[in-house]
Amino acid sequence: MNLFYIRAYVSLDKAQKMSFETKEKDLLARIGKLKTRSGTVETPLLFPVINPFTQLVPPSRLKTEFGFEAVITNAYILRKHAGNQPAKNGLHKFLGFDGTVMTDSGAYQTLVYGDVEVTPREIVEYQEHIGSDIATILDIPTGWKVSEEHARQTVDETLRRAEQFQQFKVREDILWVGPVQGGKYLDLVAESAKEMSKLPFDIYALGSPTEVMERYRFDVLVDMIMAAKMNLPVERPLHLFGAGHPFMFALAVALGCDFFDSAAYALYAKENRYLSETGTLRLEELEYFPCTCPKCAKATPRTVSELPGKDRETFLAEHNLHVCTGELKRIKQAIKDGRLWEHLEMRMHGHPALFQALKRLKKYQDFIEKSDPSTKNRGLFYCDSVGLMRPEILRHRKKMAEKYAPPEKPTALLLAPQTQMKPFHKSGTFKELLSKLPEQLRNTEKTHVCFYAAPFGVVPMELDEVYPLSQHETALPLDKETVEYVAEQVSNYIRMTDYKRVILVNDKENWNNTVMKACKKACTQKNTRFQYINMHKNTDKASSERLRKTR
Ligand SMILES: [Zn+2]
């Protein structure tokens, strides 16, 4: 290697080198800016995998036509087939791509073909030599069907190489990737992430999730990503290796993955498979293209089937790339709007295996809630009890349990049902209801009004304009789990407060007496006086009368 060439880079100030700045957040997702030697890229970012020796879509077109700011290629393959060639005029010229170029180390080849004929040091030096913008050390992927003992060895050896690498790396202007291993053994993934985060890598990556994804074990993938994410420095980007199917981008982004690389667009095209943001389709089974990308707009499945082999493959590869960029743009807009959860729910309904993964998020609710912003640009859409995992709902529950104190004076609690109009206390329905109640219950000095409402539970009147308690839409009729959740919140609230009297306006139509029964039980346990009035029109008058008499 040319020493002069290396020294010129060493003198660069490290501070100039890299910065990752978060612009927008939603769940664990972020829109960020990463400065690389070849320009600043925006995350979440997909790196299409390019193989300069078999590439169907030229890299220059990936940038100009498809808008990809970065690509990834394999340093091991480059070294084997091109040797010094990429170093002569630089890697970017060699590839014909003037954006950010990431190189992988050949670790995947280790997994597929066994050992690679290159040492960890050689592959690091090679990546420095050819001038990658982002480069990867030669780790040992864990794989899927392996014993815990083998998994442990891959973690230890990857870590040993990562430590050694710090001694022999020369260039300071390359962003280095520290891979986290451990496979499905979550304790090992957590340990690997913890140890790796002690080393000064610019980017961390979760290794070998490809087989997990191929087996549709997205629930295990959630566990793996979270085991890594919860033990890595939050201010550094996280790359998910080998994740290239658009139907799971939303899931990975929501869990805090910033980068992906995809060979899927090309591999699937080879097998006549057509990617969509909700799954994989086979060209021969399609009558219509469910896509309006520039390729699909001008063709039909039949005309594409009749194309000669390479042309058909190129068509599918290009469509597959368009789908990937389209989905990433939708995800970014959803992050900006604070609607990533809604987008995620929509995508996870695409396949039961994805839906199973969404349900797994419950396990990580607390961690997600801490990162999720407390106000967002748009309100929430609540469709069914799957939404109960949302960070906004957990946050309200925590606030009510840990921070909220009801006003001091009132001794009575009036629990009124949610109204269609929001804020609840300004709605005509509530005002009308109030007008029918005895004077004492209308007096805020004597009575504290709270609403029972889906999906948040108890909403004190004085807070019902605070985001997101009025900024949400809920689908009726409520499902059983939602009704039970709200009933539980109401009963918890009664247990933790000291009202002398609780009056419930019972909306039997929407709540099926469930809230009323929970309320009654909590009051009995606390020895608090409990009364209810039914909301239905024909019983309304009679109930009010009964209430008046029992005062
Ligand atoms: Zn298309």
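Residues numbered from 1 in each chain as written. Predicted model: local features only at pLDDT ≥ 70, side-chain atom pairs only at ≥ 80, totals over all residues. Heavy atoms only, no water.

Engineer: Please set out the overall build of the chain residue by residue, giving values where relevant.
Structural biologist: Looking only at helices and strands, the chain has 27 helices and 20 strands in total. C-alpha atoms of the chain, sized along the principal axes, occupy 95 × 55 × 40 Å. The buried share among the 551 residues of the chain stands at 56%. Across the chain, the fraction of contacts at a sequence separation of at least 24, relative to all contacts at a separation of at least 6, is 73%. Counting every atom, the chain has about 24,500 Å² of accessible surface; 50% of that belongs to carbon and sulfur. The average position of the 79 basic charges and that of the 70 acidic charges among the side chains of the chain differ by 6 Å. (Helix = DSSP H or I, 4+ residues; strand = E, 2+ residues; numbered from the N terminus. Buried < 20%, exposed > 50% of the residue type's maximum accessible area, 1.4 Å probe, protein only. Contact = heavy atoms within 4.5 Å. Areas by Shrake-Rupley, 256 points an atom, 1.4 Å probe, with all protein chains shown as cover. Lys, Arg positive; Asp, Glu negative; His and termini not counted. Charge placed at Lys NZ, Arg CZ, Asp CG, Glu CD.)

Engineer: Let's hear about the environment of Leu206: which residues, and what values?
Structural biologist: Along the polypeptide, Leu206 turns up in strand S9 (residues 203-206). Spatially, the C-alpha atom of Leu206 lies 4.9 Å from that of Val180, the residues being 26 residues apart in sequence. Leu206 has contacts with Val180, Val189, Met224, Ile225, Ala228, Leu238, His239, Leu240 and Phe241, leaving out every residue within four places of it along the chain.

Engineer: Summarise the coordination of the zinc ion; cite the residues concerned and give the values.
Structural biologist: Taken together, the protein donors to the zinc ion comprise Cys291 (SG), Cys293 (SG), Cys296 (SG) and His319 (ND1), at separations of 2.1 to 2.3 Å. Coordination at the zinc ion comes from four donor atoms whose angles at the metal span 98 to 123 degrees, giving a geometry best classed as tetrahedral. In terms of primary sequence, the donors binding the zinc ion are separated according to C-x1-C-x2-C-x22-H. Placement of Cys293 in the loop between strand S13 (279-282) and helix H15 (294-297) and of His319 in helix H17 (residues 309-337) is noted, with a sequence separation of 26 residues between them. The buried category is assigned to Cys293, whose relative accessible area is 8%. (Donors = N, O, S within 2.8 Å, 3.2 Å for Na, K, Ca; no water. Tetrahedral: all angles 85-135°; square planar, octahedral: opposite > 155°, others 65-115°.)

Engineer: Summarise the side chain of His396; cite the residues concerned and give the values.
Structural biologist: With respect to the secondary-structure elements, His396 resides in helix H21 (residues 391-402). Beyond its immediate stretch of four places on either side in the chain, His396 contacts Phe456, Val458, Val459 and Leu469.

Engineer: Please provide a residue-by-residue account of the side chain of Glu128, values included.
Structural biologist: Note on placement: Glu128 falls in helix H8 (residues 120-130). Buried within the structure, Glu128 lacks any salt-bridge partner; Arg171 is the closest side chain of opposite charge, at an N-O distance of 6.0 Å. Side-chain polar atoms of Glu128 contact the backbone nitrogen of Val170, separated by 2.7 Å. (Salt bridge = Lys/Arg side-chain N within 4 Å of Asp/Glu carboxyl O. Polar contact = N/O pair within 3.5 Å; in protein donor to acceptor, adjacent residues only side chain to side chain.)

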